[in-house]
Amino acid sequence: MTCLRRAYTTCPRSADFFATEMPDNGVPARFTVHVVDCALTLTAAVAVLLLALLLLLLLLLLLLLLLLLLSCSTALARRASLHNHT
């Protein structure tokens, strides 16, 4: 039994809960508890890790492209500056 399910089984479910614990509030019109148990399997963990590595690789490629564009624009500006002085 997972930790969430164990916690859910110990929750108070009596009708007097709101009367005893929250007498000023009264019973809410809607009281819904959603328990989502998403067990991360080894396959899913590996997939998430691979996706994170792929995103990191993409960021590195974008950084390299930015550096290349910056160096090209600097070289073009230098060349234009030299051409204007002659």
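In this convention, every chain numbers its residues from 1, walking through the sequence in written order. In keeping with the model being predicted, local features are shown solely for residues with a pLDDT of at least 70 and side-chain atom pairs are shown and tallied solely at 80 or more, while totals for entire chains, interfaces and linings include all residues. Note that water and hydrogens are dropped before the side-chain values are worked out from all heavy atoms of the structure.

So, on to the overall build of the protein. Helix numbers and strand numbers start at the N terminus; a helix is a DSSP run of H or I with at least 4 residues, a strand a run of E with at least 2. Across its full length, the protein holds three helices and zero strands. Counted from the first residue to the last, the protein has its helices and strands arranged as α-α-α. Each residue is assigned to one of three classes by its accessible area relative to the maximum for its type, calculated with a 1.4 Å probe on protein chains only: buried under 20%, partly exposed between the two thresholds, exposed over 50%. The buried share among the 86 residues of the protein stands at 1%.

This brings us to the confidence of the model for the protein. Summing up the model confidence of the protein, the mean pLDDT is 78 and the portion of residues at 70 or higher is 63%. Here pLDDT means the predictor's own confidence in every residue, given as a number from 0 to 100. Per-element confidence in the protein ranges from a low mean pLDDT of 67 for helix α1 (residues 3-9) to a high of 89 for helix α3 (residues 42-85).

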